[in-house]
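# Summary of structural features
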Amino acid sequence: MTEDTDITLPRPPVVVIRSARVGDLPELNQMIAALAIHHGDASDMTPDKLERDLFGPMPWIQALVADSGEGLIGYAILVPLYKAQEGKRGMDLHHLFVADGQRGNGIGQHLVARARDIARKSGCDFLSVSAATGNFAAHRFYEHMDFLPRPVTGMRYTQALA
């Protein structure tokens, strides 16, 4: 006959989804670089550029972070959009990232839910997101989060200004 033994299991860490702070910029910058590498891109982002765009005199973006209490394990960046022909405000979920080893724990879903709340409170009519054509895991994730696929219907052009 075996004897029962009481054991204490470690509690899962509490993850807080919150707005980014100035002190988060180095970790946020590292996660942006990690996402760029994941997509085969290079990152020219720096903590100084993030500070300018998040906290400068003319904030350009909003960032949410997933804070485990021991460090950041995910983030989302939001950028305003506008559909002039419809008079509708929107928000683009420009980046969504969850660190390796943390995916599948609901962190991405919580970041999207908070992004949706921010868009609604900002008076937005829609939240949009894009995913690379072959990124089927992302497609399934966004469709599971009730995003509707919208095919790209034309070319997008850019022009350098500097």
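The structure contained in this document is the topic of the report that follows. (Residues numbered from 1 in each chain as written. Predicted model: local features only at pLDDT ≥ 70, side-chain atom pairs only at ≥ 80, totals over all residues. Heavy atoms only, no water.)

Within the secondary structure, N135 is located in the loop between β5 (126-128) and α4 (136-144). For N135, a relative accessible area of 23% corresponds to the partly exposed category. (Helix = DSSP H or I, 4+ residues; strand = E, 2+ residues; numbered from the N terminus. Buried < 20%, exposed > 50% of the residue type's maximum accessible area, 1.4 Å probe, protein only.)

The next thing to look at is the pattern of salt bridges. Applying the stated criterion to the full structure yields 5 salt bridges. Here R18 makes a salt bridge to D24, at a shortest N to O gap of 2.7 Å. Judged by its relative accessible area of 11%, R18 is buried. You can call D24 buried: its relative accessible area is 6%. Between D100 and R103 there is a salt bridge; the shortest N-O distance is 2.4 Å. According to the relative accessible area criterion, D100 is exposed, its value standing at 63%. (Salt bridge = Lys/Arg side-chain N within 4 Å of Asp/Glu carboxyl O.)

Spatial ordering of the open sheet is given by β1-β2-β3-β4-β5, a layout of 5 strands whose pairing is mixed. Edge strands, defined here as strands with exactly one partner in the open sheet, are β1 (16-19) and β5. Neighbouring strand axes in the sheet, compared pairwise and without regard to direction, differ in orientation by 25 degrees on average. With 10 bridges connecting them, strand β3 (residues 72-83) and strand β4 (residues 88-98) associate as antiparallel partners. (Pairing = 2+ DSSP bridges. Axes fitted to C-alpha atoms, helices over the stretch in contact; angles between N-to-C directions.)

Time to look at the pairing of β4. Linking β3 to β4, which pair antiparallel, is a turn of 4 residues; within it G87 sits at a positive phi near 65 degrees. Across 3 bridges, β4 lies against β5 in parallel orientation. Its bridge partner lying in β5, G90 is registered against F126.

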